[in-house]
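Notes for the structure review
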Amino acid sequence: MAISIEPTTACNLRCPECPSGLRAFSRPVGSMGLGYYVQMIETLQQALCYLNLYFQGEPFLNRDLFKMISYAHKKGIFTATSTNGHYLDDQQARETVLSGLDKLIISVDGSDQETYEKYRIGGDLDKVLEGIKNVISWKHKLKKRTPLVLLQFIIFKSNQHQISEIKKIASKIRVDHLVFKTAQIYDYSSKIHLIPDNPSWSRYLIQPDGTYSINNKQADHCWRMWSSGVITWDGSIVPCCFDKDASHQMGQLGELDFIQIWNGEKYNRFRRQVLLARRELDICANCSEGSKVWA
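Described below are features of the structure shown in this document. (Residues numbered from 1 in each chain as written. Predicted model: local features only at pLDDT ≥ 70, side-chain atom pairs only at ≥ 80, totals over all residues. Heavy atoms only, no water.)

Let us look at the side chain of Gln160. Note on placement: Gln160 falls in the loop between strand E5 (148-155) and helix H7 (163-173). Since its relative accessible area comes to 15%, Gln160 is described here as buried. Among the polar contacts made by the side chain of Gln160, one reaches the side chain of Asp197 at a distance of 2.8 Å. (Helix = DSSP H or I, 4+ residues; strand = E, 2+ residues; numbered from the N terminus. Buried < 20%, exposed > 50% of the residue type's maximum accessible area, 1.4 Å probe, protein only. Polar contact = N/O pair within 3.5 Å; in protein donor to acceptor, adjacent residues only side chain to side chain.)

Looking now at the packing of aromatic side chains. The full count for this structure, using the stated rule, is six aromatic pairs. A ring pair is formed by Phe153 and Phe180, whose centres lie 5.9 Å apart and whose planes are at 80°; its orientation type is edge-to-face. One end of the pair, Phe153, is in strand E5; the other, Phe180, is in strand E6 (residues 177-182), with 27 residues separating them in the sequence. Both residues of the pair, Phe153 and Phe180, belong to the buried class. Through a chain of ring-to-ring contacts, the aromatic side chains of Phe258, Trp262 and Tyr267 assemble into a single cluster. One residue, Lys141, lies across the ring of Trp138, its end atom 4.5 Å from the ring centre. Over the ring of Phe242 we find Lys244, and its NZ or CZ is 5.0 Å from the ring centre. (Phe/Tyr/Trp six-rings, centres within 6.5 Å; stacked < 30°, edge-to-face > 60°. Lys NZ or Arg CZ within 6 Å of the ring centre and 35° of its normal.)

Moving on to the pairing of strand E3 (residues 78-83). Most of E3 is tucked away, with five of its six residues classed as buried. By the bridge criterion, three bridges tie strand E2 (residues 50-52) to E3 in an arrangement that is parallel. Opposite Leu51, over in E3, you have Thr79 as the bridge partner. As defined by bridge partners, E3 adjoins strand E4 (residues 103-107) across four bridges and the pair is classed as parallel. Residue pairing across strands places Thr83 opposite Ile106, the latter belonging to E4. With respect to chirality, the unit in which E3 leads through helix H4 (residues 90-98) into the neighbouring parallel E4 is right-handed. (Pairing = 2+ DSSP bridges. Right-handed = clockwise from strand over helix to strand, strands pointing away.)

Read these as spatial facts, not as claims about activity.
And the structure:
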């Protein structure tokens, strides 16, 4: 089983399509404590093989992140996290490598500062690129094969012309992989300025009347419902990463254990809805599962 755990909802940036960036959550915000996390891993470890320490927020703002990674690593659990890359100075980069982290995704959505900050508002591209170099340098110094470093480029209309340039940057700084990802736009009917012109780079298709619809048939199935789940910083279990505001809480850890929630009627009722009428579920209406993403 794969689980995403949310270290924190806090973030240093103001990205316009992110609840953390917008400070727009209706659910409680905060950071997960190390003790609570350890208890959680103890109960999950028999079934857990892949742990993503990220949901909303910037994970490196949780001061216990390296301890969280290391604890799961020592249990033999594959660990990954995703970051905007602003907290990878030389010391932090060294600790990242020493923690045992298996995969590090770093978002770099522009090949120059002007383009980068159109979405990563408040961000510093040079600082991010320097942080990536720090991690790669420490991997070599410490003779470690991990973390696998992925540079992630989310394609918007503002940066679609920089795909060739980001390929050059990725090659120059020697990341392990460059990943191109389509952008999720919450209100794609009114924010067409964010949607790329090329439909191959977009989750949305322009219609004859000038409006957009999601580029996904949204068939009535979803493998995530039987293979993975998400746990918020305060222990709420939600069905997937598209439920950013935790509006579909399946249960609360502490009141019930994970297996009871996972096999419970509420979770199974949600799964039945996915199989019968997925389009009618709000978090599924803008889902990219089944649409094209490149790596």
